[in-house]
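In case you want the letters, here they are:
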Amino acid sequence: RLVLSRGETLDSEAGACDGSILDDPCNRAGDSQFIAALANQLECLPPLQARAFVMRECWGGSTTEVCSALGISAANLWTMLHRVRYRLRAGLALHR
């Protein structure tokens, strides 16, 4: 279970996702092991990066919405998302 902010969480048992994560693992939302692995990888990220990723990729927030909520620039968001995707790909590669 990853705590994002103000009580928001990503629960590895819930397995719900509305957007695309990496290679569209939302198609695997029923795979509780994958969701647990994703939540575990997100917990290893700096909190701001994890929140940015979940807000953008899972909740479908726009760049403007995410940047406003987190107090960052669009360029900073795209850099963070690139770094997060790279780390998640490496960390989740073992799960496949």
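What counts and how
Residues numbered from 1 in each chain as written. Predicted model: local features only at pLDDT ≥ 70, side-chain atom pairs only at ≥ 80, totals over all residues. Heavy atoms only, no water. Helix = DSSP H or I, 4+ residues; strand = E, 2+ residues; numbered from the N terminus. Buried < 20%, exposed > 50% of the residue type's maximum accessible area, 1.4 Å probe, protein only. Contact = heavy atoms within 4.5 Å. pLDDT = per-residue confidence, 0-100. Axes fitted to C-alpha atoms, helices over the stretch in contact; angles between N-to-C directions. Parallel < 35°, antiparallel > 145°, perpendicular 65-115°, else oblique. Left-handed = near helix turned anticlockwise from the far one by under 90°. Nonpolar A, V, L, I, M, F, W, Y, C, P; charged D, E, K, R; others polar. Expected span 1.5 Å × (residues − 1). Arc of directions from axis to C-beta.

Asks: Just give me the short version of the overall build of the protein chain, but keep the residues and values in it.
Replies: Within the protein chain one finds four helices and two strands. Mapped in sequence order, the helices and strands of the protein chain form the string β-β-α-α-α-α. Sorting the 96 residues of the protein chain into buried and exposed places 41% on the buried side. Pairs at least 24 residues apart make up 61% of the contacts formed inside the protein chain by residues separated by at least 6 positions.

Asks: Could you give me a rundown of the confidence of the model for the protein chain, with the residues and numbers involved?
Replies: Detailed reading of predicted coordinates is not advised where the pLDDT is low. Mean pLDDT for the protein chain: 77, with 67% of residues reaching 70 or above. Of all helices and strands in the protein chain, the one with the weakest mean pLDDT is strand E1 (residues 2-5) (49), whereas helix H3 (residues 63-70) scores best (96). Note on residues 11-23: pLDDT is under 50 here. Beyond four places in sequence and across chains, it has 27 contacts.

Asks: Can you break down the packing of helix H2 (residues 47-58) against H3 residue by residue, with the values?
Replies: Two elements in contact, H2 and H3, have axes separated by 10 Å at closest approach and are oriented at 150°. Our classification of the angle between H2 and H3 gives roughly antiparallel. The crossing of H2 and H3 is right-handed. Facing H2, whose interface residues are Leu48, Arg51, Ala52, Met55 and Arg56, H3 presents Thr63, Val66, Ala69 and Leu70. Considered class by class, the residues forming the contact of H2 with H3 number six nonpolar, one polar and two charged.

Asks: Go over helix H4 (residues 74-92) with me, naming the residues and quoting the values.
Replies: With 19 residues, H4 extends 26 Å from end C-alpha to end C-alpha; this agrees with the ideal 27 Å at 1.5 Å per step. Within H4 the residues assigned to the buried category are Leu77, Met80, Leu81, Val84, Arg85, Leu88 and Leu92. The buried residues of H4 occupy an angular sector of 135° when projected down its axis, which confines them to one face. Opposite the buried face of H4, at more than 90 degrees from it, the exposed residues are Ala75, His82, Tyr86 and Ala90. Those residues of H4 that are buried lie in contact with helix H1 (32-43), H2 and H3.

Asks: Explain the environment of Leu81 to me, and be specific about the residues and the numbers.
Replies: Position of Leu81 relative to the elements: it lies in helix H4. It is 9.2 Å that separates the C-alpha atoms of Leu81 and Glu57, two residues lying 24 residues apart in sequence. Contacts of Leu81, omitting those with residues within four sequence positions, involve Ala52, Phe53 and Arg56.

Asks: Give me the lowdown on the packing of H3 against H4, citing residues and values where you can.
Replies: Packed helices, taken two at a time, are described by the angle between their axes plus the distance between the axes. Where H3 contacts H4, the axes come no closer than 9 Å and their chain directions differ by 95°. As the angle between them shows, H3 and H4 are arranged roughly perpendicular. Mapping the contact onto sequence places Thr63, Val66 and Cys67 in H3 and Ala74, Leu77 and Trp78 in H4. Among the residues forming the contact of H3 with H4, the class breakdown is five nonpolar, one polar and no charged.

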